Amino acid sequence: MIASLLDLISEMFRFTFMQHAIIVGTLVSLCASLLGVNLVLKRYAMIGTGLSHVGFAAMAFAMWVDIAPLAISLPVVIITAFLLLRLNESNKINGDSAVALISTSGLAIGIIIVGLTTGITLHICNILFGSIFATTRADVYFSIALSIVVLGTFVIFYKQLFAVTYDESFAKATGVKVELYKSILAVLTAITVVVGMRMLGALLISSLILFPGISAMRLCKRFLTVVITAAIIGVVCFFVGMMFAVALDLPPGATVVSVNLVVFIILSTISLLKKL
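Everything quoted here is computed from the prediction, not taken from an experiment. (Residues numbered from 1 in each chain as written. Predicted model: local features only at pLDDT ≥ 70, side-chain atom pairs only at ≥ 80, totals over all residues. Heavy atoms only, no water.)

Looking only at helices and strands, the chain has 13 helices and zero strands in total. For the chain, the α and β elements follow one another from N to C terminus as α-α-α-α-α-α-α-α-α-α-α-α-α. Expressed as a percentage of its 276 residues, the buried residues of the chain come to 50%. Restricting the contact set of the chain to residue pairs at least 6 apart, pairs at least 24 apart contribute 76%. Total accessible area on the chain stands at roughly 13,500 Å², and carbon and sulfur atoms take up 71% of it. (Helix = DSSP H or I, 4+ residues; strand = E, 2+ residues; numbered from the N terminus. Buried < 20%, exposed > 50% of the residue type's maximum accessible area, 1.4 Å probe, protein only. Contact = heavy atoms within 4.5 Å. Areas by Shrake-Rupley, 256 points an atom, 1.4 Å probe, with all protein chains shown as cover.)

Below, the structure written as structure tokens:
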């Protein structure tokens, strides 16, 4: 069994496109897991869904007018992230309603654009469901840059992000620029979502943000240990999911999400049994 497992891992690293997929997937999983802890604790967990649906609309429009998808989707998703923050702070629209509003609108606009062009094509399916095996060397470099920025932000601004996540009023009282760090979090999340859409697609990328964080919270209570555990869970679940996808010829994105779901159920059961 161990020999078969080693053969499978060796097979996964044999081809260049698989190497690109694993590098990009690992780095995006790491970034999404780290950001997800802050977003879950601030009850912004579903922001990934809203941003990914807007990203779908932006990419569909980019294909319609024959422009590089990243050139349109990245600025549009970043602007949407700021808009969601502003709507969430408004007394007129709460956070869940704001995400639902943006999410459904983005998906609807994207579907209309698809209908006006060539209909459902392979490219549109890749946007919706992911195409991790189509990752390029440019995706690898972009993912490396993203991971450096996210990890660097967490290390340099750890105390500020911790304060903003747990108690904004206290953070403001101690001189922390709350709006600045919330904006940084929004930008990093937007970039991660856009890059991650290549891996899991617009319909599944939010799970990469959600699952590792809530799974880690079943085991740990301190912020730092939750962050570290979430990062480990995110990366391990991605790699295990890829192994199952390759071995059983399954859709990679859906398989990774399914592994995350199984881990969450297992850790939730363990947490429940400890309380008995």
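Looking now at unusual backbone geometry. Trans peptide bonds make up the majority, and among non-glycine residues the majority have a negative phi. Even without being glycine, Asp249 reaches a positive phi, approximately 55°. Of note, Asp249 is situated in the loop between helix H12 (223-248) and helix H13 (252-275).

What follows deals with the packing of aromatic side chains. Scanning all chains against the criterion turns up five aromatic pairs. With a centroid separation of 5.7 Å and 40° between ring planes, the pair formed by Tyr158 and Phe223 is classed as tilted. With Tyr158 in helix H8 (residues 158-166) and Phe223 in helix H12, the pair connects residues that are 65 residues apart, well separated along the chain. Following the ring pairs from residue to residue traces out a cluster consisting of Tyr158, Phe162 and Phe223. (Phe/Tyr/Trp six-rings, centres within 6.5 Å; stacked < 30°, edge-to-face > 60°.)

Tracing the backbone through its elements, the reader meets Ala202 in the loop between helix H10 (178-200) and helix H11 (205-216). Between the C-alpha atom of Ala202 and that of His53, which follows or precedes it by 149 residues, the distance is 5.9 Å. Those residues within four positions of Ala202 in sequence are excluded, and the remaining contacts are Ser52, His53, Phe56, Ile127, Leu128 and Met197.

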